[in-house]
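# Residue-level structure breakdown
So the chains spell out like this:
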Amino acid sequence: MRIYIYCENNALEKLHTNKTNVCNVIQRVSRGTDTADLLIIVYFLTSTNNWRGEYCRNWCNSKDVIKEKGVWKFTNNFKPPDKLPEQFKLIRLVFGTRYVRWPRRTECEHMKLRFKNVEAQIAYLFGHELHHFRCRHLGLHPGAGEIAATRWGFDRARKLGYEIQAVDKAKQRCRLRKIIMRKYRVGSEHIIIKAFDQYQDLLGKKL
Ligand SMILES: [Zn+2]
C-alpha cells in the first residue's frame, strides 16, 4: 500500500491534523486487508467544502491519477506522484475545508452520520472505499453494495475507537410513527396510522 497526501494552502491545519495522523488512520483501518496493490491519494482542499471518495474498479496506471473532467477535475492542479508501479488499484479521497465545524455531518440513503473530528471522518470514508476494494479486488463480501460499504466503514471506524454517531433512518421513521400514534387522538378514538406517508397526509404541514 502506498499513501500520497496533497494539501492546498493550510487545509490540514484548518482540520487540526497533519500528514502523519492521516497516514496512521489509513494504516489502522486497512490492517487485516491485503492492500499490496493499492494506492491511496488523499486531497485536502480549501477551495471547496465537499468531501467524497472513489474506488477505481479497474487496474490503473500513472495516467489515471489525474482526471480531466467531472468532480475530480481538481486533481489536475497537483503534480502526480513519481515512480508509480506499472499498474495498481486506486482509492481517491478528498476533504474540503472551506467551512469546518465539528461535529461534521453527512446523510446517505439509509443512515445519518456525525463525526467528532477529521480522523473519524477519514476512518469512515476510507473504510467505505476499502470495502469496495475488498469486494471487487479481493473477492470478499459477495453481493455487497453501497449500504454494506457504509455499514462496514462505520463499524470498522467505531471498532478502532473513532467517534462517530449514526442514526438508522428506517428505525428513526419507525420510532417517530410510534410516537405519533401515541400522541394524536380524535375524541377518545386513536387515529390508526399504518404508514408514515399516511401520517404526513393526515396532518398536513403542521408537523
Ligand atoms: Zn461507495
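How each quantity is defined
- Residues numbered from 1 in each chain as written.
- Predicted model: local features only at pLDDT ≥ 70, side-chain atom pairs only at ≥ 80, totals over all residues.
- Axes fitted to C-alpha atoms, helices over the stretch in contact; angles between N-to-C directions.
- Helix = DSSP H or I, 4+ residues; strand = E, 2+ residues; numbered from the N terminus.
- Parallel < 35°, antiparallel > 145°, perpendicular 65-115°, else oblique.
- Left-handed = near helix turned anticlockwise from the far one by under 90°.
- Contact = placed C-beta atoms within 7 Å.
- Nonpolar A, V, L, I, M, F, W, Y, C, P; charged D, E, K, R; others polar.
- Pairing = 2+ DSSP bridges.
- pLDDT = per-residue confidence, 0-100.

## Some details on the packing of helix H2 (residues 19-30) against helix H3 (residues 118-136)
It is at 9 Å that the axes of H2 and H3 come closest, and there the two elements cross at 40°. In this view, H2 runs oblique relative to H3, as classed from their interaxial angle. Seen along the crossing, H2 lies across H3 with a hand that is right-handed. Residues Asn21, Val22, Val25, Ile26, Val29 and Ser30 of H2 form the contact with H3, whose own contacting residues are Glu119, Ile122, Ala123, Phe126, Gly127 and Leu130. In terms of residue class, the contact of H2 with H3 is built from eight nonpolar, three polar and one charged.

## Some details on the sheet that holds strand E1 (residues 2-7)
Taken in spatial order, the four strands of this open sheet run E1-E2-E4-E3, and their pairing is mixed. Of all strands in the sheet, those bounded by a partner on one side alone are E1 and strand E3 (51-60). Strand after strand, the sheet turns through a mean of 15° between neighbouring axes, direction not considered. Here eight bridges tie strand E2 (residues 38-45) to strand E4 (residues 88-96), and the two strands are oriented parallel to one another. Its bridge partner lying in E4, isoleucine 40 is registered against isoleucine 91. On the sheet, H2 packs against E1 and E2 and is oriented at approximately 140° with respect to E1. Sitting on the sheet, H3 is in contact with E2, E3 and E4, with an inclination near 25° to E3.

## Some details on the pairing of strand E5 (residues 104-107)
Direction of pairing for E5 relative to strand E6 (residues 111-115): antiparallel, over a ladder of four bridges. Each bridged residue has a counterpart across the sheet, and for threonine 106 the counterpart in E6 is leucine 113. Hairpin connection of E5 to E6: three residues between the antiparallel strands.

## Some points on the confidence of the model for the protein chain
Chain-level pLDDT for the protein chain is 87 on average; 84% of the residues reach the 70-or-more range. Considering only residues more than four positions removed or in separate chains, one finds that residues 190-207, a stretch of pLDDT under 50, has 16 contacts.

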